[in-house]
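The lines below spell out each chain.
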Amino acid sequence: MSLVIVGSVAFDTIETPYGRREKIVGGSGTYCSLAASFFTQPMIVSVVGEDFPEEVIDLFKKRKIDTKGIEVRSGKTFHWEGRYGNDPNQRTTIRTELNVFEDFSPQLPPDYRPAELVFLANIDPDQQEEILNQAKEPKLTAMDTINLWINLKPDSLLRVLERVDMFFGNEEEIRMLSQEVNLVKAGRKLLERGPSFIIIKKGEHGALVLGKEFVFGALAYPCEEVIDPTGAGDCFAGGFLGYLDRVNSFDEKEIRKAAVYGSALASFVIEDFGIDRLKSLSLSEIEERHLEFKKLVSF
Ligand code: AMP
């Protein structure tokens, strides 16, 4: 099959109890594509400024990510700054400088248009919609978002939600969007708006996959140290969709397995700052962790 990922390629400044890193490479599209690249050869759509290092694009290419869809524009690359306290599930956004992303009008290169799987990672919902308008009858469309867009552009966001098959959100976002506290009720309410699957990310408590006819709970790997939680959600989605793309199936059995692969990818990225752990990661480590997940829930 074929997977297109639209998301941010960014510089992040991150502070956690383990230290501070200034302007390291991040972005929803970056994390998601790198995670998916362990299973398939994703195509990425994004925009960076002239200040973005060529070595990172080379790293993408080395991981067989198609980078034709990354536009280089004059100006500065998107910059996000976040801070985490002792609870890795709680983060404060210090600043979001959209820079070249501000008036970005994402374009799918012609050979990306027939892609069977399209993932709209966290970016402005109007930009997500532009991509949906260009895709040629994908088999599965999925989206993610953050509370910033729920607050700033709720109407645009709901319009995109109604057009996709799968929605990824964390607990807070699912509650905000559905205006329902109970997560199962909240997920069901969102299912009624169109998507066939709602994936509720619950940080260190794992993820809940709600289908129209089933519910699946994936554990999060019990990590002793969370060095930097940034990108966990994007890697979860990247592992999940990369796996589905590889097996070319969206049946319940594969969706369950995909959620466990997503959890495995998320559990690795948080072991180090930024994308560092993804750079040294191997497929055999992922398979090993996948087995450990099986053992964790076997009784
Ligand atoms: P996650 O920790 O998986 O939710 O994603 C973190 C990534 O999202 C960081 O690398 C940021 O660069 C990126 N990010 C944060 N805010 C935005 C935004 N408003 N639009 C696009 N990407 C963002």
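Residues numbered from 1 in each chain as written. Predicted model: local features only at pLDDT ≥ 70, side-chain atom pairs only at ≥ 80, totals over all residues. Heavy atoms only, no water.

Visitor: How do you make sense of the packing of aromatic side chains when you look at a structure like this?
Guide: Two descriptors summarise a pair of aromatic rings, namely the distance from one centre to the other and the angle between the planes of the rings. Counted by the stated rule, this structure contains 12 aromatic pairs. Between Phe101 and Phe104, the aromatic rings sit 5.3 Å apart at their centres with planes inclined by 75 degrees, giving edge-to-face as the arrangement. Judged on exposure class, the residue Phe101 and its partner Phe104 are both buried. For Arg63, the ring lying beneath its charged end belongs to Phe38, and the centroid distance is 4.1 Å. Across the ring face of Phe268, the terminal group of Arg289 is positioned such that the distance to the ring centre comes to 4.0 Å. (Phe/Tyr/Trp six-rings, centres within 6.5 Å; stacked < 30°, edge-to-face > 60°. Buried < 20%, exposed > 50% of the residue type's maximum accessible area, 1.4 Å probe, protein only. Lys NZ or Arg CZ within 6 Å of the ring centre and 35° of its normal.)

Visitor: Would you explain the sheet that holds strand β3 (residues 19-26) in this entry?
Guide: Strand pairing in a sheet relies on backbone hydrogen bonds, with the paired strands running either antiparallel or parallel. Spatial ordering of the open sheet is given by β3-β2-β6-β7, a layout of four strands whose pairing is mixed. Edge positions in the sheet fall to β3 and β7 (91-97), since each of these pairs with one other strand and no more. This sheet shows a mean twist of 15 degrees between the axes of neighbouring strands, independent of strand direction. Bridge analysis of strand β6 (residues 79-84) against β7 gives six bridges, and the strand direction is antiparallel. Bridge assignment links Glu81 to a residue of β7, and that residue is Arg95. Set on the sheet, helix α1 (residues 28-36) makes contact with β2 (10-16) and β3; between it and β3 the angle comes to about 75 degrees. (Pairing = 2+ DSSP bridges. Helix = DSSP H or I, 4+ residues; strand = E, 2+ residues; numbered from the N terminus. Axes fitted to C-alpha atoms, helices over the stretch in contact; angles between N-to-C directions. Contact = heavy atoms within 4.5 Å.)

Visitor: What exactly am I supposed to notice about the packing of helix α8 (residues 232-247) against helix α9 (residues 252-269) here?
Guide: Describing two packed helices takes the angle between their axes plus the distance from one axis to the other. Running from amino to carboxyl end, α8 crosses α9 at an angle of 140 degrees, the nearest separation of the two axes being 7 Å. As summarised for this structure, α8 and α9 are arranged oblique, according to the angle between their axes. Note that α8 runs across α9; the crossing there is right-handed. Across from Ala232, Cys235, Phe236, Gly239, Phe240, Tyr243, Leu244 and Val247 in α8, the residues of α9 making contact are Glu254, Ile255, Lys257, Ala258, Ala259, Tyr261, Gly262, Ser263, Leu265, Ala266 and Val269. Looking at side-chain class alone, the contact of α8 with α9 contains 14 nonpolar, three polar and two charged residues. (Parallel < 35°, antiparallel > 145°, perpendicular 65-115°, else oblique. Left-handed = near helix turned anticlockwise from the far one by under 90°. Nonpolar A, V, L, I, M, F, W, Y, C, P; charged D, E, K, R; others polar.)

Visitor: Just to check I follow, could you spell out the site of the ligand for this structure?
Guide: The environment of the ligand is formed by 19 residues, the closest being Ser8, Asp12, Gly27, Gly231 and Asp234. The contact in question runs from an oxygen atom of the ligand to an N or O atom on the side chain of Asp12, over 2.5 Å. In isolation the ligand has 510 Å² of accessible area, and contact with the protein removes 93% of it. Tallied by class, the residues present in the shell around the ligand amount to eight nonpolar, eight polar and three charged. (Near = heavy atom within 4 Å. Polar contact = N/O pair within 3.5 Å; in protein donor to acceptor, adjacent residues only side chain to side chain. Areas by Shrake-Rupley, 256 points an atom, 1.4 Å probe, with all protein chains shown as cover.)

Visitor: Looking at this structure, how should I read the sheet that holds strand β13 (residues 215-218)?
Guide: Pairing is mixed across the open sheet formed by nine strands, whose spatial order is β5-β4-β1-β8-β9-β10-β11-β12-β13. Edge positions in the open sheet fall to β5 (66-73) and β13, since each of these has one partner strand only. Neighbour to neighbour, the strand axes of the sheet diverge by 15 degrees on average, direction disregarded. Judged from the three bridges that link them, strand β1 (residues 3-6) and strand β4 (residues 43-49) form a sheet pairing that is parallel. When the bridges of β4 are listed, Ile5 appears paired with Ile44. Along the sheet, α9 makes contact with β10 (166-170), β11 (197-201), β12 (207-211) and β13, crossing β13 at roughly 25 degrees.

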